[in-house]
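In case you want the letters, here they are:
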Amino acid sequence: MGSLFNTVARTMILDDGAYQEWQERPNLFLRGIVLIIIVTLVAGLLVFAVNLVDRVKPVDEAAIREGMEQWTKMQSQWFPFYGEPEVQEMMEGMMDVMVPMVTEIAQIRSPLPKGISGFFQTLGQWLTRAFAAMAGWLFYGALVLIFVNLLGGTAKLPDFYGMVALYVVPGLLALLRPIPCIGGILVLVGAIWSIVVYIKATSVSTGLDGGRAIVAVVAPFVAISLLAILLSMLAFLWLIIVF
């Protein structure tokens, strides 16, 4: 077990020998699944605790409205048309309808005491994060492998998944997310290093050089982002037509 932890730790500093050791271990795909689940659950422990406390608090209508307003402001940074007066007026009208609705739904009494129901809801969210991370790992990995093949690389699907699963380890910094001021910075550092580890694992497992490995890893993200922007614009046009 100690040698396993040592190997994983050395992959975080991009040690070539550590990646070879990880690749040579048996049941690589299964190890990848276990790694994704364990790291995701551990990284979400503090968030689990914070969410549990929030679940047992009384519903705050002002906080709900503030959260929706912050979301709107964030969207306006990416899509300038969100800041136009007509759009702002439309969003205010939607919030006037949605906030009381959300508040009423949240205040519906459940058969269980609020603390117990809040615990199970938070537990469900915590476990769902692990399954969502695993689904994202499988989906994005399949897209990366398509570009790997286009760029001349080769890899067996289970072995490739087992190698790139190492990217999740820097995500342990998400454990510190609730810490004021530095929590967000540490999470950002973890996210950036996860990408670096993913690129390194892709290069080792497929035989691509560093440049082509970068292209193979980044290309699916660019394609998904462009598709998301297109769908957002179509959704916005639909809202304008409907409202």
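Each chain carries its own residue numbering, running from 1 in the written order of its sequence. Local features are withheld for residues below a pLDDT of 70 in this predicted model, meaning they are given only at 70 or higher, and side-chain atom pairs are given and counted only at 80 or more; totals for whole chains, interfaces and linings count all residues. Processing note: side-chain calculations cover all non-hydrogen atoms of the structure and skip hydrogens and water entirely.

### Structural notes on the layout of surface pockets
Phase 1: Method remark: on a 1 Å grid restricted to protein atoms, a set of points is classed as a cavity if a 1.4 Å probe fits but cannot get out and as a pocket if it is open with protein on both sides within 12 Å along at least five of seven lines; lining residues have an atom within 4 Å of a point. Grid points are joined across faces, edges and corners, and a volume is the space filled by probe spheres set on the points. Taken as a whole, the largest pocket spans an internal volume of roughly 910 Å³.
Phase 2: Contributing to the lining of the largest pocket are 25 residues, with Tyr-167, Gly-190, Ala-191, Ser-194 and Ile-195 lying nearest its centre.
Phase 3: Runs of H or I in DSSP of at least four residues are treated as helices and runs of E of at least two as strands, each being numbered from the N terminus. Breaking the lining of the largest pocket down by element, the ones donating at least two residues are helix H3 (28–43), helix H7 (114–150), helix H9 (182–206) and helix H10 (210–242).
Phase 4: With six residues, the single largest contributor to the lining of the largest pocket is H9.
Phase 5: Of the residues contributing to the lining of the largest pocket, the split by class is 17 nonpolar, six polar and two charged. Under the scheme applied, nonpolar residues are Ala, Val, Leu, Ile, Met, Phe, Trp, Tyr, Cys and Pro; charged residues are Asp, Glu, Lys and Arg; polar residues are all the others, including Gly.

### Describing helix H2 (residues 16–24)
Phase 1: All of the buried residues in H2 are Ala-18, Tyr-19 and Trp-22. Seen along its axis, H2 keeps its buried residues to an arc of 100°; they face one direction. Throughout, exposure labels follow a simple rule: accessible area from a 1.4 Å probe, protein chains only, divided by the maximum for the residue type, with under 20% read as buried, over 50% as exposed, and the rest as partly exposed. Taking the helix axis as origin, the arc is that swept by the directions to the C-beta atoms.

### Concerning the nonpolar core
Phase 1: Joining through side-chain atoms within 4.5 Å is the link that ties buried Ala, Val, Leu, Ile, Met, Phe, Trp, Tyr and Cys residues into a set, and such a set is a nonpolar core. With 34 residues, the main nonpolar core has Trp-22, Leu-35, Trp-137 and Val-144 as its most contacted residues.
Phase 2: Those elements that provide at least two residues to this core are helix H1 (2–11), H2, H3, H7, helix H8 (157–164), H9 and H10.
Phase 3: Sorting elements by how many residues they give to this core places H7 first, with seven residues.

### Notes on the environment of Gly-17
Phase 1: Its location among the elements puts Gly-17 in helix H2.
Phase 2: Once the C-alpha coordinates of Gly-17 and Thr-7 are considered, the two residues, 10 residues apart in sequence, prove to be 8.7 Å apart.

### Points about unusual backbone geometry
Phase 1: The residue Leu-14 is not glycine, and still its phi comes out positive at about 65°.
Phase 2: Position of Leu-14 relative to the elements: it lies in the loop between H1 and H2.
Phase 3: The phi angle at Asn-27 is positive, at roughly 55°, despite the residue not being glycine.
Phase 4: Looking at where Asn-27 falls in the secondary structure, it is placed in the loop between H2 and H3.
Phase 5: For Asn-27, a relative accessible area of 56% corresponds to the exposed category.

### Quick look at H10
Phase 1: The span you would expect from a helix comes to 1.5 Å times its residue count less one. Taking 1.5 Å of rise per residue, the 33 residues of H10 would be expected to cover 48 Å, and the 48 Å separating its terminal C-alpha atoms lies within 8% of that figure.
Phase 2: Note on bend: at a given residue it equals the angle between the axes fitted to the 7 residues ending there and to the 7 starting there. The sharpest bend along H10 comes to roughly 30°, located at Val-218, with the proline Pro-220 sitting one to four residues further on.
Phase 3: Here a polar contact means two N or O atoms within 3.5 Å. Within protein one must be a hydrogen donor candidate and the other an acceptor candidate, and residues neighboring in sequence count only if both atoms are side-chain atoms. With a side-chain oxygen positioned 3.2 Å from the backbone nitrogen of Gly-211, the residue opening H10 is Asp-209.

### A few points about the pattern of salt bridges
Phase 1: A pairing counts as a salt bridge when a side-chain nitrogen of Lys or Arg comes within 4 Å of a carboxyl oxygen of Asp or Glu. Inspection of every chain in the model, using the stated rule, returns four salt bridges.
Phase 2: Residues Asp-15 and Arg-10 are paired through a salt bridge, measuring 3.3 Å at the closest nitrogen-oxygen approach.
Phase 3: Linking Arg-212 and Asp-209 is a salt bridge whose minimum nitrogen-to-oxygen distance equals 3.3 Å.
Phase 4: For Asp-209, a relative accessible area of 40% puts it in the partly exposed group.
Phase 5: Salt bridges sharing partners connect three or more residues here, namely Arg-10, Asp-15 and Glu-21.

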